[in-house]
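Fold and geometry: a report
Residue-level listing of the chains:
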Amino acid sequence: MIGIIVTGHGKFATGIETNVKLLVGKDAKITTVDFDENDSVDALESKLTVALEDIKDCEYKILLCDIIGGSPFNKAVMLTSERPDTRVIYGTHVAMVVELCMKNLLEEKVEDIDDLVTEIISIGKEQIGTFIKVDVIDHECEDGI
């Protein structure tokens, strides 16, 4: 099983969790750490430490952060830099977390954490784009249909 922690500024993490559970189901296992407006960086570090302890029995752990360089990212990197079974991803959005949760729900075996991270980042990139409006030409059919 992959230990999943989502962290970010404000209610980013709990918002992602709510969204993912609507898409995947309530059985999706996600640990969330919000960095609230009134939290100190020390409080954030404490919350992340507790979250890491909660998933200590997972074979691999992935922390998904909102942005690079923010306090949640910086603390996640600091707390996991000595852990060979843990990776930190930034730029997180729902599709990435959904994919990780589905792997857990389907009990997919993960052979290599770095391959998994590469796959999740690729899925994240594939899910970013823009809708291109195409002009539709209104043709009347000869038979009136």
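Residues numbered from 1 in each chain as written. Predicted model: local features only at pLDDT ≥ 70, side-chain atom pairs only at ≥ 80, totals over all residues. Heavy atoms only, no water.

1. Brief notes about the side chain of glutamate 17
With respect to the secondary-structure elements, glutamate 17 resides in helix α1 (residues 12–24). Residues in contact with glutamate 17, not counting those within four places in the same chain, are Ile30 and Thr32. (Helix = DSSP H or I, 4+ residues; strand = E, 2+ residues; numbered from the N terminus. Contact = heavy atoms within 4.5 Å.)

2. Considering the layout of surface pockets
The volume enclosed by the largest pocket comes to roughly 160 Å³. Elements represented by at least two residues in the lining of the largest pocket include exactly β4 (86–89) and α5 (113–126). Among the elements that make up the lining of the largest pocket, the one with the highest residue count is α5 (three residues). Class assignment for the residues of the lining of the largest pocket results in six nonpolar, three polar and one charged. (1 Å grid on protein atoms, 1.4 Å probe; cavity = no way out; pocket = protein on both sides within 12 Å on 5 of 7 lines; lining within 4 Å. Points joined across faces, edges and corners; volume = space filled by probe spheres on them. Nonpolar A, V, L, I, M, F, W, Y, C, P; charged D, E, K, R; others polar.)

3. What to know about the packing of helix α4 (residues 94–105) against α5
Their axes nearest at 8 Å, the elements α4 and α5 cross at an angle of 135°. By the angle between their axes, α4 is oblique relative to α5. Between α4 and α5 lies a crossing whose hand is right-handed. Contacts between α4 and α5 pair Ala95, Met96, Glu99, Leu100 and Lys103 from the former with Leu116, Glu119, Ile120, Ile121, Ile123 and Gly124 from the latter. Among the residues forming the contact of α4 with α5, the class breakdown is seven nonpolar, one polar and three charged. (Axes fitted to C-alpha atoms, helices over the stretch in contact; angles between N-to-C directions. Parallel < 35°, antiparallel > 145°, perpendicular 65-115°, else oblique. Left-handed = near helix turned anticlockwise from the far one by under 90°.)

4. Considering the pattern of salt bridges
Applying the stated criterion to the full structure yields 12 salt bridges. Between glutamate 45 and lysine 75 there is a salt bridge, with the nearest N and O atoms lying 2.9 Å from each other. Linking glutamate 45 in helix α2 (residues 41–54) with lysine 75 in helix α3 (residues 71–80), this pair joins segments that are 30 residues apart in sequence. Using a relative accessible area of 15% as the deciding quantity, one classes lysine 75 as buried. (Salt bridge = Lys/Arg side-chain N within 4 Å of Asp/Glu carboxyl O. Buried < 20%, exposed > 50% of the residue type's maximum accessible area, 1.4 Å probe, protein only.)

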